[in-house]
Amino acid sequence: MINETAKTILSVRNLHASVDGTEILKGVNFEVKAGEVHAIMGLNGSGKSTFSKVLAGHPDYEVTAGEVIFQGTDLLELEPHERANSGVFLAFQYPLEIPGVSNRDFLRVAYNSHRKANGEEEIDVFDFDDLVEERSNVVKMDVSFLDRSVNEGFSGGEKKRNEILQMALLEPTLAILDETDSGLDIDALKIVSNGVNQLSTPKNASILITHYQRLLNYIVPDYVHVMAQGRIVKTGGKELAQELESRGYDWIVAEEAVA
Amino acid sequence: MTNTVSSASDSVGKVNRETYLKHLLTQAAAAADESHLGLKALRDRAIALVNERSFPSGKDEEWRFTDLSQMLEQPFQRAQPVSVEADSWSDHLNLLTEGACLTTINGHYEPTLSRKADQTADAVIIGPLSQLLKHPDYAKKLAPILESKLAQVKGGSEVFTALNTVGFADVMVVWVQADQVVDTPIYIARGSQGGFLSQVRSLVIAERHAKFTLVESFFGQDEDTNAQCSVDQDRVDQAKIQDTRCNNSVTEIWLAEGAQINHIRVQDESASTFHLAKTAVDQAANSQYQCTAVDLGAKLSRHHIEVYQSGPQTDTKMYGLSALGDRQLADTHSLLALTYPHGSATQIQKNIVDDRAHCVFNGKVYVSTAAQLTDASQLNRNLMLSTKARVDTKPELDIVADNVKCAHGATVSQLQADEVFYLQSRGISAEQAQRLLLYGFGMEVVEKISVPALKTALSTRLRDWAS
């Protein structure tokens, strides 16, 4: 939902980032206002996933230039957990398995970390159980998943649903969904998309990183951006995604080369 | 010239080890005399076995990674009965508040710290051999059992097992009769105090289709707790030397046809203890044995677990966790000897090694020609938290049968940066993330423990350890 007068949540200017000395992001400019849904599309290796990891603070990536302002704060100055507690959420492309730690414990520790960081009291086990069981409905997740180890033995779809459950609990201001549609069958895709749509409000925003237009049938973006060679090279409305689906990416790369 | 020097130093070492083993043997034989259990033929055979053996050195393949030379400095005397203050052991004994409990301090039975079984005495015979023999009915019943079961599981000729057979002060007997299902865990609690050689022994028998949970726990007290307040460092050191002890434990477990034993073993000895232990298991047809062993304490510990089949279609599960810091050493030596068809076995040994600690895993799996259609898997995972920590892992698979499924793996790693980042991205600090991951790593084993009170106590212990 576009509202020109809405507050700017995220402002990225001339962002450069490298991994192991190789520059991947080469000057990204990007702005997100409250209430908006942005899709970032592009070929493998274009820098989409790197961009999401840099925003979340992955230690393997080094920011070499540029700035990222999140709700008036310099995001790059914050530790990954501080970014999370200030309202940034990254749904992982490949959520990790944490054997031996129950999903319920993990979610409670994360939830209470947020509360503590925001000056609220931690909630006890019983109140948390009520809350998490209620939120599980958002992604139609059976409560039995709460007592299994985090993501261990979960199918691809179950892992992604678990990511959205975390998002439902932590209620981020900015959600970045990295290839959340990959490996999902159509039913799981609907459930996950539905969950994301339910969580969408005029006060928060999401960035969907995806290869395919398919996801965008269910979560309709306000803006579609194309990333190539570490920069955003084209921005349009949702119809750009359809164009990419039918024409591929070559024409954009060619346009970019001419420019 | 070099040769002469090296052979000279070898012979010095050899004399020391020989003398030391003789010393231990003398102490063991004296303890046997004081025990008044009889068993002369058994003890004599064991003395002969010890005389054929030598005290292990790094040149023995079985002891390559576990150096016992520190023990040579300790002239351990056999443990005598001591006066016991019940309160000082309550933390360990209160772990389990229901079911039968046999408690020994330094290998000597403590009736005041023990509890009787819930079942009628004929269905479940539990008690110290010294007491059971005083009861004419039991003495008569036990005679053939002692003949056929005590010190009769294979592997009894290993030096420390034989030494234990020479000198155990008593035997904790758990004998569950056919078709009996015992709902509450049977607890054998082994406390130690003072600087002694204790040789503790258990004989556990599950008759046909019997089913129960056995909990063994090893713990100790240091007498230097007060001395630590003293400014006189010499006195502190002196107290520590006096408290250095050796606990040589042997538990023999027999499962008759269709029997099921769930065995939980917690080694939480005090920091100056040498803990040498053997668990020897014989599994008859269709029996199920599960061992969950957690090693947290001791200066040096070795758990030798050997499982032998005496029939087809057995199921064996061995789960182990060692969590070590300082300069601790823990060695898990396992042998799974599959000699009948259709056996299944799963083994998972996990180790967390911090500071300058050292963890050893040696897992042998032997599958004979007869053991067709065996399905076995072994996994050893090690987590190293410090650059000074050391891990030696040695899976040994000897598979002769051709139609079997046997998998094994060993990993040594540090905490994965990606896992830490995943938790951080959910608002959890790096430090707390590491604690959670460590806890999770250990909990995979602790979760196998079916006794809720014990599982809770150990998960709390693990949480404290990780923080």
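The rules we used
- Residues numbered from 1 in each chain as written.
- Chains lettered and ligands numbered in written order.
- Predicted model: local features only at pLDDT ≥ 70, side-chain atom pairs only at ≥ 80, totals over all residues.
- Heavy atoms only, no water.
- Helix = DSSP H or I, 4+ residues; strand = E, 2+ residues; numbered from the N terminus.
- Buried < 20%, exposed > 50% of the residue type's maximum accessible area, 1.4 Å probe, protein only.
- Contact = heavy atoms within 4.5 Å.
- Lys, Arg positive; Asp, Glu negative; His and termini not counted.
- Charge placed at Lys NZ, Arg CZ, Asp CG, Glu CD.
- Polar contact = N/O pair within 3.5 Å; in protein donor to acceptor, adjacent residues only side chain to side chain.
- Salt bridge = Lys/Arg side-chain N within 4 Å of Asp/Glu carboxyl O.
- Pairing = 2+ DSSP bridges.
- 1 Å grid on protein atoms, 1.4 Å probe; cavity = no way out; pocket = protein on both sides within 12 Å on 5 of 7 lines; lining within 4 Å.
- Points joined across faces, edges and corners; volume = space filled by probe spheres on them.
- Nonpolar A, V, L, I, M, F, W, Y, C, P; charged D, E, K, R; others polar.
- Buried area = accessible area lost by both parts, 1.4 Å probe.

(A) Geometry of the overall build of chain A. Helices and strands together make up the secondary structure of chain A, namely 8 helices and 12 strands. On the principal axes, the C-alpha backbone points of chain A span a range of 60 × 40 × 40 Å. In chain A, buried positions account for 56% of the 259 residues. Partitioning the contacts of chain A with sequence separation of at least 6, the portion at a separation of at least 24 is 70%. Computed over 24 positive and 41 negative side-chain charges, the separation of the two mean positions in chain A equals 4 Å.

(B) Representation of helix α4 (residues 125–135) of chain A in the model. Residues and elements named next belong to chain A. Listed in full, the buried residues belonging to α4 are F128, D129, L131, V132 and R135. Lining the buried residues of α4 we find α3 (103–117) and α5 (156–170). The N-capping residue of α4, defined by a side-chain oxygen 3.1 Å from the backbone nitrogen of F126, is D124.

(C) Examining the pattern of salt bridges more closely. Tallying each qualifying case throughout the model produces 29 salt bridges over all chains. With its nearest N and O atoms 3.4 Å apart, the salt bridge here joins E134(A) to R135(A). Residue classification places R135(A) among the buried positions, given a relative accessible area of 15%. Between E252(B) and R201(B) there is a salt bridge; the shortest N-O distance is 2.9 Å. Of this pair, E252(B) sits in strand β9 (residues 245–255) while R201(B) sits in strand β7 (residues 196–206), and the two are 51 residues apart along the sequence. No difference in accessibility class separates E252(B) from R201(B), as the two residues are buried. Bridged by salt links that share partners, the residues R104(A), D129(A), E133(A) and D147(A) form one connected network.

(D) Local environment of the sheet that holds strand β2 (residues 22–33) of chain A. All names here are of chain A. Taken in spatial order, the 4 strands line up as β2-β1-β4-β5 in an open sheet, and their pairing is antiparallel. With one partner strand each, in any of the chains shown, β2 and β5 (73–74) form the two edges of the open sheet. Bridge count between strand β1 (residues 8–19) and β2: 9 bridges; the pairing is antiparallel. Within β2, the residue paired with V12 across the bridge is F30.

(E) Seen up close, empty space enclosed by the protein. Residues and elements named next belong to chain B. All told, the structure shown has 4 cavities of 30 Å³ or more when counted by the stated rule. Approximately 90 Å³ is the volume attributed to the largest cavity. Taken together, C291, A293, D295, H303, I305, M318, Y319, G320, T332, Q347, I348 and Q349 make up the lining of the largest cavity. Secondary-structure elements contributing two or more residues to the lining of the largest cavity are β12 (288–295), β13 (300–309), β14 (315–324) and β16 (344–353). Considered as a void within the structure, the second largest cavity measures approximately 60 Å³ in volume. In terms of lining residues, the second largest cavity is bounded by W63, E158, F160, T161, N248, S249, V250, L276, A277, K278, R302 and H304. The residue makeup of the lining of the second largest cavity, split by class, is 5 nonpolar, 4 polar and 3 charged.

(F) The interface of chain B and chain A, seen in detail. Contacts between the two partners involve 20 residues from chain B, matched on the other side by 31 residues from chain A. Interface of chain B and chain A: buried area, both sides summed, is about 2100 Å²; carbon and sulfur atoms make up 66% of it. By the criterion of area lost to chain A, the three top residues of chain B are F421(B), Y422(B) and R426(B), representing 39% of everything that side buries. The salt bridge partner of E163(A) is R426(B), with a shortest N-O separation of 2.7 Å.

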